[in-house]
Amino acid sequence: QYDHIRPVHKAPTMTKPIFTTILKTLKDLLTHQPQDLTLNIFQQITLDTQLLFDDDDQPIKHIAKFWKWSMRKGLSVDKVVQVFYEVLSKDHELGLRLVACQAYLGLLFVPGSRAYKVMDPVLFRFVLDAVGKAGLSVNDEKKKRELRYANIVLETIVRLYDYPYFEEDEDLSIELLERCAETTRIFVATKASGNINVVNLRMNSYQVMYKILEKNQEHFSAVLGLLISNILMSFVNIKSANRLPVYIKDIREASMKFVIRICDFSKEENQSHILALLQNMCVRCIDRAECRNLTSEAICKFLNFLDEKQAIQFMGFLRILSENKKSNLRLLSTEISFDILKDIIYDLTRDSEKYIHYSLEVILVILHKRCSDKIASVRSKALSKIAEVLRMDIEMDAPILRSKIGDILMAPDTRNYDWLTGLQRRIQGQKCSVRKSALQVLEVISLRDKETGPSSGSLALLQNGCKDVAISIRKQALISLCEMLRNFPDSVEIMSTWAATVPKFICDVEQSIQDLCLKYFEVLVLQRISQWKRNNDHGIWILLNKLNRGADIIQCIKKICEVVHKKQGISKRVILGIQNAIESEDPMNIDNRINGAWIFLGYISPWCKKYISTRFIIKQWELVSDIGNEKSIRRILSVIGYICNRIPEHIAEKIAEDLLLELSRFEIPISLIHSYVSVINKICDMLSSENRGHILKDSSAKILNNCTKILSRLIYPDDLKDTFNAPTIIELSAYLFTIGELVGLVEKIPKKLFDLLITMVSSLKQIELSIPTEDDIDIVSPEVIEIPSVIIAHSYVSIGKLCLCDQRLAQKCVPMFAEELGKSRDPIVRNNIVIILCDFCRKYTSLVDGYISKIAVSIRDDNAIVRRQTLHLLTRLIQEDYIKWNTSGNSALLFFRFILALVDPSPVVKQYAIESLGSIHSKNKGSGSNVFFNNMIEAIFFLNDYRDHNIYNKYVQTEREKTLFSLKGYGERRKKRMMIYDVFLDNLEPDEKFLLQSKLVNEILGGVAENLIPLENAGYILLDTLSILSSERIKVNFLQDDTEIENEAERLVNAATGKMLSQLQRKNIIENIIPVVIELKYVLEKNRSPLQRYLMDYIKYLMSDYKEEIQNFFTLDKQTAKELKYELDRHEEDKRKQARSKIIPPSPRFTPRGSEKSHKQVRRTSEISGDSLFSIPNLSSSHKKKRASYVPSPAKRTLSEATESPFKVPITPINSPLHPKKLEFGNQYVRNRMKSIEIDAETITPKSVQLEHSQEFDSGTNLHKRKRRRLRQSKRNNRKRKRDS
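Just so it is clear, the model here is predicted, and its values are computed rather than measured. (Residues numbered from 1 in each chain as written. Predicted model: local features only at pLDDT ≥ 70, side-chain atom pairs only at ≥ 80, totals over all residues. Heavy atoms only, no water.)

A. Representation of the overall build of the protein chain. Looking only at helices and strands, the protein chain features 58 helices and two strands. For the protein chain, the share of sequence-separated contacts (at least 6 apart) that also reach a separation of at least 24 residues comes to 72%. When the accessible area of the protein chain is evaluated, it comes to approximately 63400 Å², of which 50% is carbon and sulfur surface. (Helix = DSSP H or I, 4+ residues; strand = E, 2+ residues; numbered from the N terminus. Contact = heavy atoms within 4.5 Å. Areas by Shrake-Rupley, 256 points an atom, 1.4 Å probe, with all protein chains shown as cover.)

Spelled out as structure tokens, the structure:
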């Protein structure tokens, strides 16, 4: 009941009773001890002091005499103040202190309180402390009540500021500002932004601050400094938060409104303070995307309060900020620049042309420069903002923006060339966000040129983007291509690119990309077809013609139509538009229009049967059948096959009879036979009368018997009783193809037919055919020749179709097909056999499963068409789960044979293999099994044809297959292996790369070090492994680019996972990798293997990333650490010498001393076949004392060296960690190893040490004692000086 300040009752009009009441209350206050005081006493004082004012807050008459009258009555003002001091300064209950604050502030309103020094600065600070401690928790009723008390205190301070208490003490005002600023965010811990008491507390705090600024504008900069943390939300750690809490945003919004309010009435001298605020906001912004956006928005609002001079000054500061060393500031500058540009173009709040011109120039320069920033996130942001700027230029008529863009981004030709070249480099970069932004810029640049449109190079870049691994890149490339086609609907080049790329997105693994593909297909194809006549759009028919190129595109278009039908249905207006286009008499582009209309009508016929007019189809069939156009007949027949159940029976029967008649004459092209038989079969099934159907099938059987007789006469001419005209090759092909099509239609197949076909595929059989003469093609003469390959190929297809009807025949023929696939020299035959076996795999999966590896041999076929066909068919079977490549046995060979296509000599086959592997990997990614990770190590053994391992590469292969699929060797073969490994590594996740490093080190490096894998046979295995481990692609980047992750929770999970994996990686380096590498180093040195330099490259790679961990590992073995450091320095020096000489170093070979080969016989070559590169010298016992050494390069040997033995006694410099004196207390292994290591002094000895050897040493051993001591002393002094420095 005491929470409100003003009582409900009316204030009395008599003064003396009021004085008496207050006096009694104050005396009662003095009679209590501080620990005995209660809330009621202070609440009563508050109520009594309010009796001194009327309803309008005006003092009652004669109230000024209160303190004088009370002192005459024996009341001491000092004692009253002392009581309040005791209560507020001690650790009393917070509620009591807040009520005491109300009472104390109420006494300050009594006139004369200033004269009697009731106002005490120390006591007032205690009031502020009590308010500051309120509201830390509002979960229980007690704390909520305290919060209400604090609100009353602040309201009282607002009223108190009208009195002259604060004019003399400016420090008190500043402290009040600080406490109020703290109070605006004091409820952060409560997370209760909707609490009315919390909101009132914040508003009252801002009201106090506003009162202070009204009295004194000099505190303006202090207020801005106190509230900048509210605006930037930096008063609490929000970097690790999933998303910005609502109560944090409420604090920011309230502070923003207050700062805008005080900026409105600020004077001109406060302009510099606003500028300082903006600069501090830029520098102190939190490095978080949402915070940067909000900060940029706030800066643009505050920038409107600056005059022209200060605004230009801020733009100069922004330009400097864009070149700061910190990437987050450069990123922020790009966002602020673009937001300012939007304000300039859209809002036009400033009339100053000078500011507008200068700002646009600065902004475009900032964005242009940041496109080449070394940090990917900055480059991405700058490119995306430039894309929006260019799009803004297209949408708006802003001449000033267009002129500035022309001056800075697109003007002169040389500069434009550099800009587009840099854009191409960004599109082909590594970071997904940069590639996506670069595609956006490329799209907008292409749309700006309304006359010529995009160039062929731009379309090629977009087409490559459609094949990108990243989802965001594929989506952006899809959007860009569709927008280009929308803006340039008549561009044939864009149509070709769109038709070859966009329909494939319906098979993408990402559902959002599929939906986007459907959306654009409906807009760019279906809507244009239905509105073509109204818009006079003839380009759509050219586009539909483009969609008929390639079996893959056709299948994708059919799938798109099916999905559209299932989701929303295809509109009837589309069918009407197609029919109108076919019947239209408009001569413009008539061929493309009719062909395109029939093509698309064939695609959508299965889903729009009820909309297609049967009268229209029958009429068109009558017209086309008379003309005899092959393409038109095939397209109309495909439509008839779908709607034949809606055609009247008598008309359908007549069509079937006409088709059978044409088939029986064998005069139609081979490409139409399948369409004829398909329509006949569908009509037979739909006829209501069984007899009519049987009649048609009987007619088909007669045609099949006629073909059988013709083959019999051709193969067995001795049995002929009448004359027989030998058929031509084309006619015989038509017979064979007709047989294959009709065997699925008739009920009974002639028994003799299979034997005849088997005879036809025999290459030894000769038959009589009519061959055109050389003089005239139309004149033919019979000749007995061997069966042509075309006839054999058609025969195999017919046999395959027979087998599809009879499983027993298939069991007999599958081994024959597999054998012929390996023996046939004709690519047409091999191609058809691959198709047949892959068709068998769908129907007789278990029957063909054992021959999958034989089919995969065709991946290395001599003919590119066969290789591509094999890849295509195997990919389809894998995607449809008919075959798998992770199974045991020889079926697992499929994967390792498949990956050889990645280095196919044909670019088309190579690209198709990359796409196929990518699509299969994407499909199986959700199963948790990565085929690249699981088979990486075995791929190394398989590609190098290494068969001595206990586990890997134990497949049964013929010698021909081993030769075909082996990439063992150096030079080009090694390059191909590395290309395959790169594809593997590009498809691994960071955790898989981490595990792969451990597996490679333990299983291969460890196997060589422990002699489980003999070094003399494993040279290429070890070389590939070290190259992979030293590659940048296997480098684990635990801080991934998370720009594609929209959910903040997933980003936090990724960050935590990356941190954990980073710790595991460091631990793995110390515990598992370094010991194996050191042991392998000893083994290679002992065997004098030339692979040491590759091992040193790997050690250098480890040292670059984990130097501290490696140093900690060698803490207890400092001698080995010194030795390793010395050898690394030597390795680097050798590489520098080779780089300076620009000479390709010879492959290191070893020749034992006494060999007849001299060093001049060592050939310099970059490609060495066989195992010669990794051969280990066979040192006989007679040469043990005179150890073998590296043969020095002829270019580095002197004349004296040429006459001496090519082997030298090692001279080790005294400052080397390998010097015997320094190894005296080393481990036993190093001392023993020194006996067998021989190092060329010219290679390892620095120039200064060589000079000392030549002048002061006698053969490196017999030194004068005095000179030796002098040398040692000088080296000690040098080391001491180094330590001191």
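B. Just helix α29 (residues 590–604), in detail. The end-to-end C-alpha distance of α29, which contains 15 residues, comes to 21 Å, matching closely the 21 Å that a straight helix rising 1.5 Å per residue would cover. Taken together, the buried positions of α29 are R593, G596, A597, W598, I599, F600, L601, G602, Y603 and I604. (Expected span 1.5 Å × (residues − 1). Buried < 20%, exposed > 50% of the residue type's maximum accessible area, 1.4 Å probe, protein only.)

C. Spotlight on the packing of helix α22 (residues 471–487) against helix α23 (residues 492–501). Running from N to C, α22 and α23 cross one another at 140°; their axes reach a closest spacing of 10 Å. As α22 runs across α23, the sense of the crossing is left-handed. When α22 is examined against α23, the residues L481, C482, M484 and L485 are found in contact with a partner set consisting of I494, M495, T497, W498 and T501. Here the residues of the contact of α22 with α23 are counted per class, giving seven nonpolar, two polar and no charged. (Axes fitted to C-alpha atoms, helices over the stretch in contact; angles between N-to-C directions. Left-handed = near helix turned anticlockwise from the far one by under 90°. Nonpolar A, V, L, I, M, F, W, Y, C, P; charged D, E, K, R; others polar.)

D. Region of interest: the nonpolar core. By size, the foremost hydrophobic cluster in this structure holds 351 residues, and its most contacted members are I340, W498, F600 and I899. Setting aside chain neighbours within four positions, we find I899 in contact with L917, A939, L943, I980 and F984. Core analysis: the second largest hydrophobic core is formed by seven residues, M233, Y247, I286 and L294 among them. (Core = buried A, V, L, I, M, F, W, Y, C linked by side-chain atoms within 4.5 Å.)

E. Main features of the confidence of the model for the protein chain. The predicted model of the protein chain has a mean per-residue pLDDT of 75, with 74% of residues at 70 or higher. Counting contacts from residues 412–417, a segment whose pLDDT is below 50, to residues more than four positions away or on other chains yields four contacts. Scored below 50 in pLDDT, residues 1143–1263 makes 169 contacts in the model with residues more than four places away or belonging to other chains. (pLDDT = per-residue confidence, 0-100.)

F. Just the packing of helix α24 (residues 511–530) against helix α27 (residues 551–567), in detail. Contact pair α24 / α27: the axes reach a minimum separation of 11 Å and the direction vectors enclose 90°. Here α27 runs roughly perpendicular to α24, going by the angle between their axes. Packed against α24, whose contacting residues are Q511, D515, C517, L518, F521 and L526, the element α27 presents I557, I560, V563, V564 and K567 at the interface. Considering only residue class, the contact of α24 with α27 consists of eight nonpolar, one polar and two charged. (Parallel < 35°, antiparallel > 145°, perpendicular 65-115°, else oblique.)

G. Layout of the packing of aromatic side chains. Evaluated as defined, the whole model comprises 18 aromatic pairs. Taken together, a centroid distance of 5.2 Å and an interplanar angle of 20° make the contact between F941 and Y952 stacked. Here F941 is found in helix α46 (residues 936–943), whereas its partner Y952 is found in the loop between α46 and α47 (959–964), with eleven residues between them in sequence. On the accessibility criterion, F941 (0% relative accessible area) is buried. One aromatic cluster is present, built from ring pairs that chain together F895, F896, F932, F942, Y955 and F984. (Phe/Tyr/Trp six-rings, centres within 6.5 Å; stacked < 30°, edge-to-face > 60°.)

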